[in-house]
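Below, each chain spelled out in residue letters.
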Amino acid sequence: MSSVDPSPPRSALRSSNRILIKAGTSVVTSPNGYPSLTRLASLVEQIAELKAEGKEVILVSSGAVGMGRHLLLRQMQGLTTVSELQKGSVLGTSSTKNYSSSCAAAGQFHLMSIYNSLFESLGLVASQILLTQNSFEPHTLPNLTDTIEKLLALNIIPIINENDAVSSNQGWTSESVFSDNDSLASVCSKSFNCSACLLLTDVEGVYNKPPSQPGASVLPFFETFRCGTTGLTKSKSGDVLIGEKSERGRGGMQAKIDAAASAVEKGGVDFCLITSGLDFDSIRDACGEYNGKKAKGTLFVSQEWEGYQKFVEVENADGGEDDEGRRKALKAREEARKLTALGKSERSAVLLKISASLADSAIVSKVMQANAVDLENAAKQGLDSQLLNRLKLTPGKLETLSTGIKQIAESEDPLGVIKSVTELASGLTLNEVTCPIGVLMIIFESRPDSLPQIASLSIASGNGLLLKGGSEAKESNKALHKAIGDAVEEATGGKVKRDIVALVESRSEISQLLKLDDCVDLVIPRGSNKLVQHIKSHTKIPVLGHADGVCHIFIDSTASPQKATSIVVDSKSTYPSACNSVETILLHSETLTNGTCDIVLKSLRQAGCKILGGPRAMSSGLCDVPSSASKKEYGDLRVQVEVVADVGEAVEWVNMHGSGHTECIVTEDEGNVRRWMEGCDSACVFWNASTRFADGYRFGMGAEVGISTGRIHARGPCGVKSLLTTKWMLESNDYDTTERFNTGERVYTFVKK
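Keep in mind the model is a prediction, meaning the values are calculated, not measured. (Residues numbered from 1 in each chain as written. Predicted model: local features only at pLDDT ≥ 70, side-chain atom pairs only at ≥ 80, totals over all residues. Heavy atoms only, no water.)

A. Fine view of the overall build of the chain. When its secondary structure is counted, the chain shows 27 helices and 26 strands. Expressed as a percentage of its 753 residues, the buried residues of the chain come to 52%. Sequence-distant contacts in the chain: of pairs separated by 6 or more residues, those separated by 24 or more amount to 74%. Looking at the chain as shown, the accessible area adds up to about 33700 Å², and 51% of this sits on carbon and sulfur atoms. (Helix = DSSP H or I, 4+ residues; strand = E, 2+ residues; numbered from the N terminus. Buried < 20%, exposed > 50% of the residue type's maximum accessible area, 1.4 Å probe, protein only. Contact = heavy atoms within 4.5 Å. Areas by Shrake-Rupley, 256 points an atom, 1.4 Å probe, with all protein chains shown as cover.)

Given below as C-alpha cells:
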C-alpha cells in the first residue's frame, strides 16, 4: 500500500502545520443536550495525536448554550419558594435572548471543565478565549492575534467560542463579521494564519441532495464561485439541495458551505474540509499520515493553492457523478410520463410542431447563423475534414429533417401495442404490451442534425432524453434544442415542459455522465470509434450503437457495369463521412477481364475517389497505393478494393473484416444473391442497392437514433420501435392465487390468442 495520498490537495492538507478544527453542537452534545463524553474524548485524543506530530491546533467549539440550557432547567426545577420562582422568572423563557445568554454563561464553564479534564489527562494544556464581533475590529484584532500566537508558541491549545453571554445571540446582518460558529471558524482560520480548517458536523460531508433522499451521495470536492448580485456560494457542478438543519446549534449545511467557501477565499486557508465529527477517525484520517482509506468529507480548495488549476482539470476530467446530468435525467423522466399520459394525439401534435419549426424561415435562419459560428470556430481549431462535414448544416438538411419528423408524427402509435396474448387459465389473461424504455442518453460528436432526429424519436416513443453534444457543435445544438423546447411547451399548452429533452451544457465530462446508471436506462453513442469504445467500456448502462461503419460492396462476375458504377459511386461519393458509406469494394476475379472492373474504377476516380489496393489488387496492378489495413473506416473519399474468387470468398472476407454494418452485392445471379443475403452476418444486407440506404429515413422510419451493429434488442437503423421495451399485464376477471393452481382448484391452459 502506498504511503502517499493519491489526491494532491488531500496530501497537502496532511502537511498543514496550523489547523483550525471546529466542532459543532451536534458533535459535542447528545440529542438531549448532555455532553457527549465519547465524542469529546475522541476529539481530544485526535487533537493530541496532531500535537504529537508537531502540528499547531486551534479549536472552535460550540455546545455551551446546549449544555447550559440543561443546567438552567435543572436549577429552575429545584426552586421551591414563591420568592425564588419570582426571581427565577427574571431568566425569561427558552425563546428569549436573555435565556440564551444565561445558558451560554452556565454552559461555557461546564464545557471548559470537561475540555480541561480531558486535555490534562493527556498531558496537554488548553485555554479559553471568548470572542464577539468587536474582537475583530482594527483596534482589537492585533491584540487578539498576538494572544493566539503566544499561546501556540507555549504549546497551549486555544479553545474559542462566541461570547454569547455578551452578544446575546442578537442575530446578524451582511455586515456582521460572523453569524455563528461556522463563520467564526472561517474568520479565525484566516485571521490566525491557519493553512487548513476542518468543520466537523453530524453528516459525512456535503451531499448532492438531503442524505435521506434516494441517490444522495457525498461530494468529494466542492468547486465554488461567488454570485456577484447575491454573494451566495454555489457549486460549479450544480446546485446542492439543502435539507432541514439540525435542531441543535444555529448553523446548518448551508452555513457550513458558505463558511468553507469564505475560508478558502483570497488570503484565507488553502483547504477547508466539511466532514463528520461522529466518526471517531475523521481528524486523523484527514490530517494524519495516509492510511489507504477512502477519502472522507467534502474538500474546498483555495484557488491560490499552487496546485489548484492542475487539480481541477484532473477532477473535472475524471470526476464523480454529474449532478446537472442527474437532475436533468430525473426531470426528463417526469416530463416523459406526463407526455405519455396525454396520449398519441398530443405526442403527434408536438412532433408536427417540431417539424413545422424546422421549416420556419426565422428559426432556420437562427440555426444557420449558430452553425456558421460553430464552423468558423472549428476551422480555427483545425477540426479534421470528416468532422467538419458532419458539423455542417444546410437548409436542405433541415428540410429533410422536417419531412422525416412529420412522417414519424403520422405513424401509428407505438405505445400500448399488444405484442402477445396468452390465456393462462380461464379468465386469467397475460398481455405483453409495448412501453417506453425510460430515459435515453445520447452522446454525439459534431452531427447537430442528429439532435432533432433523436429528440423526435424519443418523444414519439414516450421516452425522456438527455443529450450531450460535442463542444464543436455547441451553438448549433443550443439553437436546435431551443426550437424543440419551444415546440414541446407550445404544442402541449405547458402541460409538458421542455425538460423532457435536456441538453447538458456544463463542462461535465462523458465519464461523469456514464455513472448515472440508476437514472438513465440506455446510452446511444453517435461519433467516432474511439468515443463508442470508451463509452462501452466505462459504463454500467446498456449501450446501443456501432463502433465502426466498415461497409462492403461485392461486384459479382454477372454484375451490370452500369448498375455497378452507379451503386458504387453513390455509396462512396454522396456523403463519404457517413457511417453507411462504402469503405471496401470486393471485385470478382472475372471482372478484371470482362471490363467491369475498369469501368467501375474509372468512375470512382472521376468522382474524386482515391483507390487503395489490397494484396491481390496490388499484385493485379489495379492500384498504385496499398491499403494500410483490411478493415478500416476512412470517412473520406478513400476506398479500398480487393479481388476475390467468388461469392463464398466475398462472404468470408465480409464476416472477417467487416463491422457488421451494411453489405451489398451487385449481381444478376439470384443463386449468389441468396448465398450473400444469408451468409453475410451484418445488420443490413442489400442486393443491387446503395449502402447509403442503410438509414432510418430511407427505411421509412422518419429518422433514426443511430445504427446498431449489436445483436441484442435492436439491429440496423434504430427508429421508434428500437426505443421501446415491453411490460407484462396480467388480468383476472375474478381473483387468482398460485395456491388455487397448486391444489388443483384451477388448471393452466396456456392458450395463445
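Now that the structure has been shown, the text picks up again.
B. Up close: the environment of Leu604. Mapped onto the elements, Leu604 comes out in helix α23 (residues 596–606). In this structure Leu604 comes out as buried when scored by relative accessible area, which is 0%.

C. Spotlight on the pattern of salt bridges. Counted under the stated rule, the structure contains 35 salt bridges. Asp518 is the partner of Arg326 in a salt bridge, and the nearest nitrogen-oxygen pair spans 2.8 Å. Of this pair, Arg326 sits in helix α13 (residues 323–342) while Asp518 is found in the loop between α20 (510–513) and β15 (522–526), placing the two residues 192 residues apart along the sequence. Residues participating in the shared-partner salt-bridge network are Glu45, Glu49, Asp281 and Arg284. (Salt bridge = Lys/Arg side-chain N within 4 Å of Asp/Glu carboxyl O.)

D. Layout of helix α3 (residues 37–52). The first and last C-alpha atoms of α3 sit 22 Å apart over 16 residues, in line with the 22 Å expected at 1.5 Å per residue. Once α3 finishes, Gly54 follows within two positions and takes phi at roughly 90°, a positive value. (Expected span 1.5 Å × (residues − 1).)

E. Broad picture of the state of the cysteines. Evaluated as defined, the whole model comprises zero disulfides. With no disulfide of its own, Cys197 has Cys272 as its nearest cysteine by sulfur position, at a separation of 4.0 Å. Taking relative accessible area as the criterion, Cys197 reaches 1% and is therefore assigned buried. (Disulfide = S-S within 2.5 Å.)

F. The arrangement of the pairing of strand β11 (residues 428–436) in detail. Within β11, seven of the nine residues are buried, leaving the element largely enclosed by the surrounding structure. Bridge count for strand β10 (residues 418–425) against β11 is six bridges, and the pairing is antiparallel. By the bridge assignment for β11, Glu423 is matched with Thr429. Once β10 ends, the chain turns through two residues before running back antiparallel as β11, passing Gly427 with a positive phi of about 80°. (Pairing = 2+ DSSP bridges.)

G. Representation of the sheet that holds β10 within the structure. The strand order β25-β11-β10-β26 describes an open sheet built from four strands, whose pairing is antiparallel. Strand pairing shows two members of the sheet lacking a second neighbour, β25 (724–732) and β26 (751–752), which therefore form its edges. With two bridges connecting them, β10 and β26 associate as antiparallel partners. Across the sheet, residue Glu423 finds its bridge partner in β26, namely Val751.

H. Region of the structure containing the pairing of strand β5 (residues 196–201). In terms of burial, β5 is a largely internal element, six of the six residues being buried. Across the two faces of β5 the burial is the same, with Ala196, Leu198 and Leu200 and Cys197, Leu199 and Thr201 all buried. Where strand β1 (residues 18–23) and β5 come together, five bridges link them in parallel fashion. Within the sheet, the bridge partner assigned to Lys22 lies in β5 and is Leu199. Pairing analysis gives six bridges linking β5 to strand β8 (residues 271–276), with the strands arranged parallel. Counted as the bridge partner of Leu199 is Ile274 from β8.

I. How the structure looks around helix α7 (residues 141–153). Under the 1.5 Å per step criterion, the end-to-end length of α7 is 18 Å for 13 residues, consistent within 8% with the ideal 18 Å. Every buried residue of α7 is listed here: Leu144, Ile148, Leu151 and Leu152. Down the axis of α7, the smallest arc covering the buried residues is 100°, so these residues share one side. Exposed and oriented more than 90 degrees from the buried face of α7 are Asn143, Lys150 and Ala153. Of the surrounding secondary structure, the elements contacted by the buried residues of α7 are β1, β2 (56–61), β3 (125–131) and β4 (156–162). With its phi angle positive at about 65°, Asn155 sits one or two positions after the end of α7. (Arc of directions from axis to C-beta.)

J. Inspection of empty space enclosed by the protein at higher detail. Across all of its chains, the model carries one cavity of 30 Å³ or more by this definition. If you add up the space inside the largest cavity, you get close to 40 Å³. Lining the largest cavity are Val27, Arg39, Ser42, Leu43, Gln46, Leu200, Gly277, Asp279, Phe280 and Ser282. Grouping the amino acids of the lining of the largest cavity by side-chain chemistry returns four nonpolar, four polar and two charged. (1 Å grid on protein atoms, 1.4 Å probe; cavity = no way out; pocket = protein on both sides within 12 Å on 5 of 7 lines; lining within 4 Å. Points joined across faces, edges and corners; volume = space filled by probe spheres on them. Nonpolar A, V, L, I, M, F, W, Y, C, P; charged D, E, K, R; others polar.)

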